[in-house]
Amino acid sequence: MVFMNKSTLCIRWTAFFLNTLIWIGGSIMLGLSIWVYSKETEFDHMASDKTASACYLALSVLLFVIGFLGSCAILLLKPSLLKIYFSFIMTILLAELSVSLYLYFEQDKIKGFVEKNWNATNDATRTLIQEKFECCSMDPVITSHSSSEDSSCYEKNADNTMARRRDCYTQLLSWVKRNNIALATSAVLVALIQVFLLASSCRLLATIDSGDRMIRQIKVRPLASNNELHPDGSTASYTPPSTPVRHIIERKEWAKLSSKRSFRNAFVEGKTSKAS
């Protein structure tokens, strides 16, 4: 058992609560993926896209594993599990930072990446995206795709004429600009949660290590004779435990008892010497 003060306990259970939420979120995402694959839904076309399906499954499994590992590590207080969990979170945080820097410095390549994946997607998935985002193909329009001539590509004007909607890349950029505050807040919140989980792991590891160090340093010395005075003043036989006491409260109590026993032994020896 590891002794913790109130602040450490608060950090521990807050981190456990966050990891439990991550675990539940990963479980729900895995359940949704199983539901999409086993039932006929409007997302069947998205499920047939191997790239999107692989990314979604990888994210679901990652969240599930991290949440489960973090919950077990914090609940059981195992240093090995805490170190593995710390490595996972640190790797993800560094990967997110690397991707952010890459997107910032290589903005010109984003459009090419989007167009490449757009061409690799099937027509049914492209039509679904066009309906949800109210957009049409890329710029310039890729006429080789049947989705580029779908009804989702057109909208009625005020004079009842049909006009082609904006391309999906431009629509995506405008959506990001409209929701930039919410997206930035979400990104900062996720980063803060990850930093807190890293810090809480370090705090728990330090607490466990300090407790083990105290156990190694503090030794309870057995008495030379069983006939010495008991700490409560009686003359009964008294033998302290030969192994280190693991709980810090018990260590404090044994220290108090040892000091009282030494004082009483010295007092008795003094009285004996005076009498002689």
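Residues numbered from 1 in each chain as written. Predicted model: local features only at pLDDT ≥ 70, side-chain atom pairs only at ≥ 80, totals over all residues. Heavy atoms only, no water.

Here we look at the overall build of the protein
In terms of helices and strands, the protein carries nine helices and two strands. Counting only residues that meet the buried cut, the protein has 26% of its 276 residues in that class. Looking at the protein alone, contacts between residues at least 24 apart form 61% of all its contacts between residues at least 6 apart. Carbon together with sulfur atoms contributes 65% to the accessible area of the protein, which is approximately 18,200 Å² in total. (Helix = DSSP H or I, 4+ residues; strand = E, 2+ residues; numbered from the N terminus. Buried < 20%, exposed > 50% of the residue type's maximum accessible area, 1.4 Å probe, protein only. Contact = heavy atoms within 4.5 Å. Areas by Shrake-Rupley, 256 points an atom, 1.4 Å probe, with all protein chains shown as cover.)

Side note on the packing of aromatic side chains
Think of a pair of aromatic rings as described by two things: how far the centres are apart, and how the planes are tilted against each other in angle. Within the structure shown, the criterion is met by five aromatic pairs. Centre to centre, the rings of Trp-23 and Phe-68 are 5.1 Å apart; their planes meet at 65°, and the pair counts as edge-to-face. Of the two residues, Trp-23 sits in helix H1 (residues 6-38) while Phe-68 sits in helix H3 (residues 50-76), which places them 45 residues apart along the sequence. By relative accessible area, Trp-23 is classed as partly exposed at 29%. Ring geometry for Tyr-104 and Phe-105: centres 5.1 Å apart, planes at 85°, overall edge-to-face. Residue classification places Tyr-104 among the exposed residues on the basis of a relative accessible area of 56%. (Phe/Tyr/Trp six-rings, centres within 6.5 Å; stacked < 30°, edge-to-face > 60°.)

As for the side chain of Ser-60
With respect to the secondary-structure elements, Ser-60 resides in helix H3. Among the residues examined, Ser-60 registers a relative accessible area of 0% and is labelled buried. Residue contacts for Ser-60: discarding those within four places in its chain leaves Gly-26, Met-29 and Leu-30.

A few points about the state of the cysteines
Defined simply, a disulfide is a covalent bond joining two cysteines at their sulfur atoms. Under the defined criterion, the tally for this structure stands at two disulfides. For Cys-135, the disulfide goes to Cys-168, at an S-S distance of 2.1 Å. In this structure, the disulfide formed by Cys-135 and Cys-168 twists by about 80° around the S-S bond and is classed as right-handed. With a gap of 33 residues between them, Cys-135 in the loop between helix H6 (123-133) and strand E1 (154-156) and Cys-168 in helix H7 (residues 168-178) connect regions that are remote in the sequence. (Disulfide = S-S within 2.5 Å.)

A closer look at the side chain of Arg-126
One can find Arg-126 in helix H6. Of the polar contacts made by the side chain of Arg-126, one reaches the backbone oxygen of Trp-118; its length is 2.8 Å. At 3.3 Å, the side chain of Arg-126 forms a polar contact with the side chain of Ser-147. When neighbours within four sequence positions are excluded, Arg-126 is seen to be in contact with Trp-118, Asn-119, Thr-121, His-145 and Ser-147. (Polar contact = N/O pair within 3.5 Å; in protein donor to acceptor, adjacent residues only side chain to side chain.)

Digging into the nonpolar core
Counting residues in each nonpolar core, the largest one holds 17 residues, and the members touching the most others are Leu-82, Tyr-85, Ile-89, Leu-197 and Leu-204. Residue assignment for this core shows that the elements contributing at least two residues are H1, H3, helix H4 (79-105) and helix H8 (180-217). Broken down by element, the residue count for this core peaks at five residues, all from H4. Apart from the residues within four sequence positions on either side, Tyr-85 is in contact with Asn-19, Ile-66, Leu-69, Gly-70, Leu-197 and Ser-201. The next biggest cluster of nonpolar side chains, apart from the first, holds six residues, and it includes Trp-118, Cys-135, Met-138 and Cys-168. (Core = buried A, V, L, I, M, F, W, Y, C linked by side-chain atoms within 4.5 Å.)

Some points on the UniProt feature "transmembrane region" (unreviewed entry) in the protein
Here, UniProt's "transmembrane region" (unreviewed entry) annotation points to residues 12-36, 56-77, 84-105 and 181-206. With 100% helix and 0% strand, residues 181-206 has its two end C-alpha atoms placed 37 Å apart. (UniProt positions renumbered as here; feature names shortened; annotations may be inferred.)

Description of a nonpolar patch on the surface
The grouping of Phe-17, Leu-21, Ile-24, Ile-28, Leu-32, Trp-35, Tyr-37, Tyr-56 and Leu-57 at the surface amounts to a nonpolar patch, some 870 Å² of accessible area in total. For the nonpolar patch, the secondary-structure elements that each account for two or more residues are H1 and H3. With seven residues, the top contributor of residues to the nonpolar patch is H1. Within the element layout of this structure, Ile-28 appears in helix H1. A relative accessible area of 51% means that Ile-28 is categorised as exposed. (Patch = residues over 30% accessible without salt bridge, like charges linked within 9 Å, V, L, I, M, F, W, Y side chains within 5 Å. Salt bridge = Lys/Arg side-chain N within 4 Å of Asp/Glu carboxyl O.)

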